[in-house]
Amino acid sequence: MSFLRGSRALMGSRALVGFRTLVGFRTLVGFRGDFRDFSKHFGGSSGDMVGFRPLEGSRGPLQRSYTEDSRFSSKRVRRMFVDFFQQNHQHRAVPSSPVRPRGDPSLLFVNAGMNQFKPLLLGSADPRSEMSSYRRVVNSQKCVRAGGKHNDLDDVGRDVYHHTFFEMLGNWSFGDYFKEEACAMAWSLLTEHYGMSADRLYVSYFAGDSSLGLPADEETRRIWLDIGVPMERVLPFGLKDNFWEMGDSGPCGPCTEIHYDHVGGRNAALLVNSGSAEVVEIWNLVFMQYNREVDHSLRPLPLQCVDTGMGLERLLSVLQRKHSNYDTDLFTPLLSAIQQVGAISTVSSCPPYGGRTGAADQRRVDMAYRVVADHVRTLAVCIADGVYPGMSGSELVLRRILRRALRFSVEVLQAPRGMLANLVPTVTELLGDAYPELHRERERIMEIISENEDQFLSSLQHGRRIINQTLQRNHQLFPAHVAWSLHCNLGFPLDLLDLMLEERGVQVDRSGLDLLRAEQEKRQAEVRLSGSELQLDVHSLASLQNEGVAHTDDGPKYLYHLENLRHVFPECSATVQTLFCGGSQVSEVSVGQRCVMVLDRTSFYAEQGGQSHDQGYLVRDGETDVLHPVEDVSVSGGFVLHQVTAAATLRPGDLVHLHLDQAKRLACMVKHTATHILNWALRCLLGAGVEQRGSHVTADRLRFDFSVKGSLSVPQLQQLENLVLNVIAENQPVYSQEVPLELARTIPGLRTVDEVYPDPVRVVSVGVSVAELLDGRKDGRNSVELCCGTHVLRTGAIEDLVVVSEKQFVKGVSRIVAVTGPQATQARETGQVLAQDVECLSARFTACSPSSLQAAQRQAKEVGLLTDAVENSIVPQWQRRELQGTLRSLQRRSNTTLRKMEVKQAAEGALCILQRTGDRPVLVEAVDTECPSVLMKTVNQLSLRLPRSLVMLLAHQVHSGKVLCACQVPQGSVALSASEWAAAVCSHLNGAAGGSMLVAKGTGRSDDITAPLKWAEHFAWIRTQSSD
């Protein structure tokens, strides 16, 4: 009989904690010998990679059949893991969360299975949500480790086990079982169900840390010994290896790891945690029993939890008898597809994957295979979850992953253009059963990868031009700011830059580059940690629950009504339940102290669902003239937290009256309802495939992110606004009703986003009552969403809406910014004024051409100023686009006229100089112009007529003392470069210059031009004579 199956039958799900005192492990499995002979006892070979087949009766009540033909395929192994915990041990199977973190600014990507359960670990889960009921959970979580603290990107491809995307198999206990059952389940799954040879397994436990006052985890050590693991295979390790922490603060605890020896038949204890590829960790069981405080001290957690994680890729390498993750069936079809697609190239045939690393992989072909295979999996998963290549945060990291894959694909494998996109169907075939969104989004994934490939190839060409131009300036070190700009703005890979510079004998300024990288990391860390500080830690939340403090009733935030078409917000009275100051519960706060207040009920809206929090004030009963400002409001674990600055003494038990900033609340309500209507209008306009990717509502404006191939056209923007304005004009009622979550999901046309919803959940519907939607009387073609926000009661309260911005902030995702009410009206009026200005300017262009250079310059400046006004003013976006098109046309005409005028003036100036000076080998003269472009064009004209002369012109601005400088030297000049000449002269004039070997320009200052002219000519003569 299976140990766990039998133990359940004997003792029940909670009694395993005491199983040692009843019968002992060996008795339960019917085996009394040394555990090292366990596989031999059941007919297995201890020398096999997988020592014995699972016992016939060891599956317990599992109902699914697993065919022998695919005994340990990736799909079967993943399913066996979930079934083992779900069917044998009553765990709830929870789907993987998307790799974009849910409301966690500290993460770029979900990088561990526990990320989606952080609210439970921190005690902050909404008590009405499904998550709050979790006790035992199992799943396979999509994880990405690239960027941030956990970053494997640069290691991928160099070895055979690093990945940017991987699957984390995990089981969790939230206040249910703890160490004993967790270890027993893990051992049973590995040895009985997956059939691993027990004498190849080693376990580690926490050895303790005297400096922190942490004792060794002897309990876990005893559990493994009682299970039957030999003493020499139960190994102690310190903080680094066997103590897990969520971050600088938060839940943490000792962990125990299970390691596997790929070789077998030996004592490999010394290789555990040594970095050896022969003995690898396969499963980590974390026992969260402490909380790391802000001061780094440790306190016991009120609720002990288990968090385990086992990488599917590494597990498969063991079960499929492979030493490389890339040799498992998660990767071999991809590697074959790469070879097949690469063979299409007419440049050269693509050699098959050989599995080589390091020096053996001389041309880095096998490294390229691994990079492409890993990265295309990451790209597919991220794009399917709504993370698109972009310019900041996780989007920037994904762009670098894509470009790294393209580099290895094109440069090393010499694969044809479009190979990455053509690998996506293979990825969806391998992973789509577990993550069906890959099938749904396959075409979009391929499209986005193809578009980004085109952009990257263009960026490479642009980057090479910048590199060549920079190298012409004779830098001893390639400037760090140029390298960083290439990397951040163009996505130019730094290692490719190093290779290109190495070919030319130049190195990048590494110290400067490291400084720029450190500055960026610091800024990113500040952004990630800049979230609201209005939170209670896990101990404070547990204390409230233990004291029986009731969750805050926030129902009054919805208790407003219409009177004479005006929204009325009744006063709300509440009792102070408790106060926190500096993170600690206090009995009172004094004047000027900022505190966190928990009330029994509130009408204040806490920031959530994309809507900003309310502000206002509260007064104690009987003290109506003493106003206590409410500056921030958040919710944690069912408690609404009010950040209050006390204007007088406040104590628990005080009766207070709450007063909203009604104008701010109403403005947020208007924007929030407008956002729902906008979401509906986009779906009407672009089709049902439009997905919301984010939103944020403040009193000033609304922001809405959505998936779409490209930016909206001017007609589409106009249609979008008209759809919204029609709903506003109809003054439709806005209904809201709490409905059981499962029932709500049956509503036709319901729009949801990736959030954890409470149960029951609030349904907000525009124009059709929720009751009509539930009983099927209406077809759901209206706006209907799950939403906890506050909304106007009729759409007419929105008054007006104008989309003032719409652009793609990452490829495939557009962001709309809109304003409502009087702001929208003002935007329309501003747009009309600017339209009239553009129309008048266009008329003047048509009526006459400028008669002089100065007139042409004034005309060009006027176009520029009006262009800036159109760009920066709050106007309808469709109108901005139209006006920008007109202004671009005027700018082109203006530039053409200006160039003609400048060329004409330059030609006339050059002719005058030649008539005065004749042919000289060094020509240094002064000209009368305030235009740098005319000055340079005059130099160009002179150099055309004097191809063997060194030419420099200075223009003195008498009124300011500024001196303009421009010069040109003959092609192939070795005596003096233009950049050197200009730099010397401008430095003499206390200025600066720049340019190339042939042409350069700069500025300086001088009261008189005569001496600088002589100095410049003398400098050139000295240099030319010394070279002779």
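Residues numbered from 1 in each chain as written. Predicted model: local features only at pLDDT ≥ 70, side-chain atom pairs only at ≥ 80, totals over all residues. Heavy atoms only, no water.

Colleague: Please explain the overall build of the protein chain as it appears in this structure.
Modeller: What the protein chain contains, in helices and strands, is 30 helices and 32 strands. Taken along the three principal axes of its C-alpha coordinates, the protein chain extends 115 × 80 × 55 Å. Per-residue burial for the protein chain yields a buried fraction of 53% across its 1028 residues. Sequence separation of 24 or more characterises 71% of the internal contacts of the protein chain that already satisfy a separation of 6 or more. Of the roughly 44200 Å² that the protein chain leaves accessible, carbon and sulfur atoms contribute 49%. (Helix = DSSP H or I, 4+ residues; strand = E, 2+ residues; numbered from the N terminus. Buried < 20%, exposed > 50% of the residue type's maximum accessible area, 1.4 Å probe, protein only. Contact = heavy atoms within 4.5 Å. Areas by Shrake-Rupley, 256 points an atom, 1.4 Å probe, with all protein chains shown as cover.)

Colleague: How should I be thinking about the sheet that holds strand E21 (residues 692-697) in this particular structure?
Modeller: Pairing is antiparallel across the open sheet formed by four strands, whose spatial order is E21-E22-E27-E26. Strands at the two margins of the open sheet, each flanked by one partner only, are E21 and strand E26 (801-810). When the angles between neighbouring strand axes are averaged without regard to direction, this sheet yields 15 degrees. Sheet analysis places E21 next to strand E22 (residues 702-707), joined by five bridges and oriented antiparallel. In the strand pairing of E22, His 696 is matched with Arg 703. Contacts from helix H22 (residues 714-729) reach E26 and strand E27 (813-820), with the element oriented near 135 degrees to E26. (Pairing = 2+ DSSP bridges. Axes fitted to C-alpha atoms, helices over the stretch in contact; angles between N-to-C directions.)

Colleague: Could you clarify how one ought to interpret helix H14 (residues 419-431) in this entry?
Modeller: Every α-helical turn comprises 3.6 residues, leaving residues that sit three or four positions apart pointing alike. Given a rise of 1.5 Å per residue, 13 residues ought to cover 18 Å, and the 19 Å separating the end C-alpha atoms of H14 matches this to within 8%. Restricting attention to buried positions, one finds in H14 the residues Met 419, Leu 420, Ala 421, Leu 423, Val 424, Thr 426, Val 427, Thr 428, Leu 430 and Leu 431. (Expected span 1.5 Å × (residues − 1).)

Colleague: So what exactly am I meant to see when it comes to the nonpolar core here?
Modeller: One broad trend across soluble globular proteins is that nonpolar side chains are buried collectively. Counting 125 residues, the largest nonpolar core has Tyr 194, Ile 258, Ile 282, Trp 283, Leu 413, Leu 423 and Phe 478 as its most contacted members. Of all the elements, helix H12 (residues 365-384) adds the most residues to this core, at 14 residues. Among the nonpolar cores identified, the runner-up in size contains 52 residues, and Ala 606, Leu 658, Val 724 and Cys 787 belong to it. (Core = buried A, V, L, I, M, F, W, Y, C linked by side-chain atoms within 4.5 Å.)

Colleague: How should I be thinking about the packing of aromatic side chains in this particular structure?
Modeller: Here a ring pair, both rings aromatic, is described through the centre-centre distance and the interplanar angle of the planes. Scanning all chains against the criterion turns up 17 aromatic pairs. Between Phe 81 and Trp 283, the ring centres sit 5.7 Å apart and the planes meet at 55 degrees, which makes this aromatic pair tilted. Here Phe 81 is found in helix H5 (residues 74-88), whereas its partner Trp 283 is found in strand E8 (residues 279-292), with 202 residues between them in sequence. Trp 283 shares its class with Phe 81; the two are buried. Through successive ring pairs, a cluster of aromatic residues spans Phe 81, Phe 84, Phe 85 and Trp 283. One cation-aromatic arrangement involves Arg 76 over Phe 72; the distance from NZ or CZ to the ring centre is 5.6 Å. Taking NZ or CZ as reference, Arg 762 lies 3.5 Å from the ring centre of Tyr 558, over its face. (Phe/Tyr/Trp six-rings, centres within 6.5 Å; stacked < 30°, edge-to-face > 60°. Lys NZ or Arg CZ within 6 Å of the ring centre and 35° of its normal.)

Colleague: Please clarify how unusual backbone geometry should be interpreted in this entry.
Modeller: Most peptide bonds take the trans configuration, and most residues that are not glycine carry a negative phi. Going from Asp 759 to Pro 760, the amide bond is cis rather than trans, its omega being 5 degrees. Of note, the phi angle at Gln 90 is positive, near 55 degrees, even though the residue is not glycine. The residue Gln 90 is located in the loop between H5 and strand E1 (92-93) in this model. At Glu 799, a residue that is not glycine, the phi angle is positive and equals roughly 70 degrees. Relative to the helices and strands, Glu 799 resides in the loop between strand E25 (784-786) and E26.

Colleague: How do you make sense of the pairing of strand E18 (residues 628-636) when you look at a structure like this?
Modeller: The side chains of a regular strand alternate, residue by residue, between the two faces of the sheet. One ladder, built from three bridges, connects strand E17 (residues 616-620) with E18; its direction is antiparallel. Paired with Gly 616 across the bridge in E18 is Val 630. Between E18 and strand E19 (residues 639-645), which pair antiparallel and follow one another directly, the connecting turn spans two residues, one of which, Gly 637, has a positive phi of 60 degrees.

Colleague: Sorry, what's going on with the sheet that holds strand E29 (residues 950-957) here?
Modeller: In sheet architecture, strand pairing relies on hydrogen bonds along the backbone and comes in two forms, parallel and antiparallel. The five strands lie next to each other as E28-E29-E30-E32-E31, forming an open sheet whose pairing is mixed. Only two strands of the sheet have a single partner each, and these edge strands are strand E28 (922-927) and strand E31 (992-995). Pairwise comparison of adjacent strand axes, ignoring direction, gives a mean angle of 15 degrees for this sheet. As paired elements, E28 and E29 share six bridges and run parallel to each other. Across the sheet, residue Ala 926 finds its bridge partner in E29, namely Leu 954. Lying on the sheet, helix H27 (residues 877-917) is in contact with E28 and E29; it crosses E28 at an angle near 125 degrees. Across the sheet, helix H29 (residues 978-988) touches E28, E29, strand E30 (962-968), E31 and strand E32 (999-1005), and the angle it forms with E32 is around 5 degrees.

Colleague: Just checking my understanding: could you explain helix H18 (residues 494-503) for this structure?
Modeller: Among the residues of H18, those classed as buried are Leu 494, Leu 496, Leu 497, Met 500 and Leu 501. With its buried residues spanning 155 degrees around the axis, H18 presents them on a single face. Exposed side chains of H18 directed beyond 90 degrees from the buried face belong to Glu 502 and Glu 503. One or two residues past the end of H18 sits Gly 505, with phi positive at roughly 75 degrees. (Arc of directions from axis to C-beta.)

Colleague: So what exactly am I meant to see when it comes to the pattern of salt bridges here?
Modeller: Oppositely charged side chains are able to pair whenever their charged atoms sit close together. Here the structure, examined in full by the defined rule, presents 39 salt bridges. Here Arg 828 makes a salt bridge to Asp 800, at a shortest N to O gap of 3.0 Å. With Arg 828 in helix H25 (residues 821-847) and Asp 800 in the loop between E25 and E26, the pair connects residues that are 28 residues apart, well separated along the chain. Relative accessible area serves as the criterion here: at 25%, Arg 828 is assigned to the partly exposed category. (Salt bridge = Lys/Arg side-chain N within 4 Å of Asp/Glu carboxyl O.)

Colleague: Looking at this structure, how should I read the confidence of the model for the protein chain?
Modeller: Detailed reading of the predicted model is not advised wherever pLDDT is low. The predicted model of the protein chain averages 87 in pLDDT, with 90% of residues at 70 or higher. When mean pLDDT is taken per element in the protein chain, strand E4 (residues 201-206) scores highest with 98 and helix H3 (residues 25-28) scores lowest with 31. Every residue in residues 1-69 scores below 50 in pLDDT, and together they form 147 contacts with partners more than four places removed in sequence or on other chains. A low-confidence stretch, residues 527-532 stays under pLDDT 50, and its non-local contacts, those more than four residues away or across chains, total four contacts. (pLDDT = per-residue confidence, 0-100.)

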